[in-house]
Amino acid sequence: MQRKLNENSNQAIPKEKRNPKTKEDSSAYINKRKNLLEKEEVKEKNLDLQSIKTRVDTIHIDGLKRTKDDIIKAQVTDLFKAKDFQDVIIHAHRVKGKLESLGCFRSVGVYIDTSEGPHATPDGVEVTFTVHEMRRLVGGINTMVGNNEGSVIIGAKAPNLFGRGERLQMEYSHGTKSSTNINVSAVKPLVDSWLHTVLTASVYNTTSDFPWSGFNQCDKGLLLDIGFNPDGAGILKHNLQYEATYRKIVCSKQASFRVREQCGPNLKSAFRHICSIDKRDSSIFPTIGSLVQFSSEVAGLGGDIGFIKNELIMQANWSPHEYFTFQLGLQSGLLRGINNDKKINIADRFFLGGPLNLRGFDMRGCGPRDDNNSLGGDAYWAAALHLYTPLPFRPGRNGIGDLFRLHGFINGGNVAEFSFNFANDLKKNMEIFTENIRSSVGGGIVMKLGNVARVELNLVMPLRFMKNDVLRPVQFGIGLQYL
């Protein structure tokens, strides 16, 4: 028998069940029962967006002032290729990313509505992008994290100078290790190119201190860079660079003779090609994906420095379980001279050791040394196997706790002077893979610092090392790139 329930009356409730709390109990029961009935009647419906035929009739851009129409058209034309509603959403998201990457706008919003007006089609929609352009001059003070060094940066930028994404920027930075950098750059994106080309010209003045090698270095130079992004998604990147640098190397009072003989001014003129394929889901705490980066540099077309330098960086990540991520990293490099007229300077050699490099060893703590000064090498290799897990009991899950990981690793490598008479010294050169190998094992805690750097605190036990190596069983590191 159905009864009409009323929150303000208890007439439908049997007399023997009435008590002073009946009114409140009945109200709670009624509401609970009503909610259950409503949930049973509501059925989930899956909507297939691909089955909704859609055509983009019109694209509106609201908020344009200085930005020219031609570069906007080059970014949004792909949206007209959408054939269903799912395509519209995907293409609109891509166009939003392209507009944001121009460097012209502070924010970009997207709205999709049905098409109206005399030219509207039955399946037509209108897509509106609402943009807010950047001011003509912006600046600020912030911090930057380098390889085991922090810096304060004072910068100013004039974005979208001529309405096509051009910008002029200037930066001054001062590091915690007395390093300074002044950089003035002009950037011109060729947004209508299928290669997504970006042209950059920079002049700079940089001062750096290398106490582990007994010298400091001052560079004044020019850098021209042409960047290509053929896939448009940032996975495949090419950079062609030319760099002309006047370098002045000054040795410290404790520098060894082999360091002193390489000090003084020199001029370096070099061409460089950098190719990278990055399929990782994150650059700091990746769980899947791989990275391959190869760089090749040729110096000697002018100046008194001459060499050919190649370097390879590889990384692979896989997660067999939500709580376990394995990471395998590999780095190697080879440096050789061109002829006897051009020399190789200590500033161009490879160095190994450090909290984000070969852990368990001091900065530049491995390899050839002279009077406690690291001299570097002509060839090196290093490999590391990592295991990352979340913090125990997951404190701060989906919040601040996700910025931390527990970290276990084993790494090893070697750096040495190389002989390039391969016909006679092949066996000697192969000793870099069999003799004097350094290795260590350890663990600690890793913290994600924004999306640009990581901080490590590790306890390390060196397993194999040489007599002259400098060991560090407790190590703190902060930086951008790591082994």
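Above this text is the structure in question.
A quick note: this is a predicted structure, and the numbers were derived from the prediction, not measured.

Rules used in this analysis
Residues numbered from 1 in each chain as written. Predicted model: local features only at pLDDT ≥ 70, side-chain atom pairs only at ≥ 80, totals over all residues. Heavy atoms only, no water. Helix = DSSP H or I, 4+ residues; strand = E, 2+ residues; numbered from the N terminus. Buried < 20%, exposed > 50% of the residue type's maximum accessible area, 1.4 Å probe, protein only. Contact = heavy atoms within 4.5 Å. Areas by Shrake-Rupley, 256 points an atom, 1.4 Å probe, with all protein chains shown as cover. Axes fitted to C-alpha atoms, helices over the stretch in contact; angles between N-to-C directions. Left-handed = near helix turned anticlockwise from the far one by under 90°. Nonpolar A, V, L, I, M, F, W, Y, C, P; charged D, E, K, R; others polar. Salt bridge = Lys/Arg side-chain N within 4 Å of Asp/Glu carboxyl O. Pairing = 2+ DSSP bridges. Core = buried A, V, L, I, M, F, W, Y, C linked by side-chain atoms within 4.5 Å.

Take the overall build of the chain next. In terms of helices and strands, the chain carries five helices and 21 strands. Expressed as a percentage of its 483 residues, the buried residues of the chain come to 37%. In the chain, the share of contacts with a sequence separation of at least 24, taken over all contacts with a separation of at least 6, comes to 57%. Of the roughly 27900 Å² that the chain leaves accessible, carbon and sulfur atoms contribute 57%.

For the rest of this paragraph, the subject is unusual backbone geometry. Among all residues except glycine, the phi angle is most often negative; among peptide bonds, the trans geometry is most common. Even without a glycine there, the phi angle at Asn160 is positive, about 55°. The exposure class assigned to Asn160 is buried, which follows from its relative accessible area of 1%. In this model, Asn436 sits at a positive phi of 60°, which is unusual for a non-glycine residue. The residue Asn436 is located in the loop between helix 5 (422–429) and strand 19 (438–449) in this model.

This part takes up the packing of helix 2 (residues 69–76) against helix 3 (residues 85–101). In contact at an axis separation of 9 Å, helix 2 and helix 3 are set at 145° when each is read in the N-to-C sense. The way helix 2 lies across helix 3 gives a crossing that is right-handed. Listed contacts from helix 3 to Ile72, Gln75 and Val76 of helix 2 are Val95, Lys98 and Leu99. Taken together, the residues that form the contact of helix 2 with helix 3 break down as four nonpolar, one polar and one charged.

With that settled, consider the pattern of salt bridges. Taken as a whole and judged by the stated rule, the model has 20 salt bridges. Note that Lys268 is salt-bridged to Glu297, the shortest N-O span being 2.9 Å. Residue Lys268 is located in strand 11 (residues 264–278), and its partner Glu297 is located in strand 12 (residues 289–303); the two are separated by 29 residues in the primary sequence. You'll find Lys268 and Glu297 in the same group, each marked buried. We note a salt bridge from Glu297 to Arg272, for which the minimum N-O separation is 3.2 Å. Taken together, the residues span a long stretch of sequence, with Glu297 in strand 12 and Arg272 in strand 11 at a distance of 25 residues. One salt-bridge network, in which partners are shared between bridges, spans Glu243, Arg247, Lys268, Arg272, Glu297 and Asp348.

Pairing is mixed across the open sheet formed by three strands, whose spatial order is 1-3-2. In this open sheet, the two strands that pair with only one neighbour each are strand 1 (55–62) and strand 2 (105–114). Along the sheet, successive strands turn relative to each other by an average axial angle of 20°, direction set aside. In terms of strand pairing, strand 1 meets strand 3 (residues 124–133) through seven bridges, oriented parallel. Residue pairing across strands places Ile61 opposite Phe129, the latter belonging to strand 3. Packing against the sheet, helix 3 makes contact with strand 1, strand 2 and strand 3, and its axis sits at approximately 165° to strand 2.

What follows is about the environment of Leu385. Mapped onto the elements of the fold, Leu385 is located in strand 17 (residues 379–389). On the basis of relative accessible area, Leu385 is assigned to the partly exposed category, the value being 37%. Sequence separation between Leu385 and Gly412 is 27 residues, and the spatial gap between their C-alpha atoms is 9.4 Å. If near-sequence neighbours (up to four positions away) are discounted, Leu385 is found in contact with Gln327, Leu328, Gly408, Phe409 and Ile410.

What follows deals with the nonpolar core. Formed by 20 residues in total, the largest nonpolar core has its most connected members in Val56, Leu79, Leu99, Leu102, Phe105 and Phe129. Elements that contribute at least two residues to this core include exactly strand 1, helix 2, helix 3, strand 2 and strand 3. Listed in part, the 16 residues of the second largest apolar core include Phe307, Tyr380, Ala382 and Val415.

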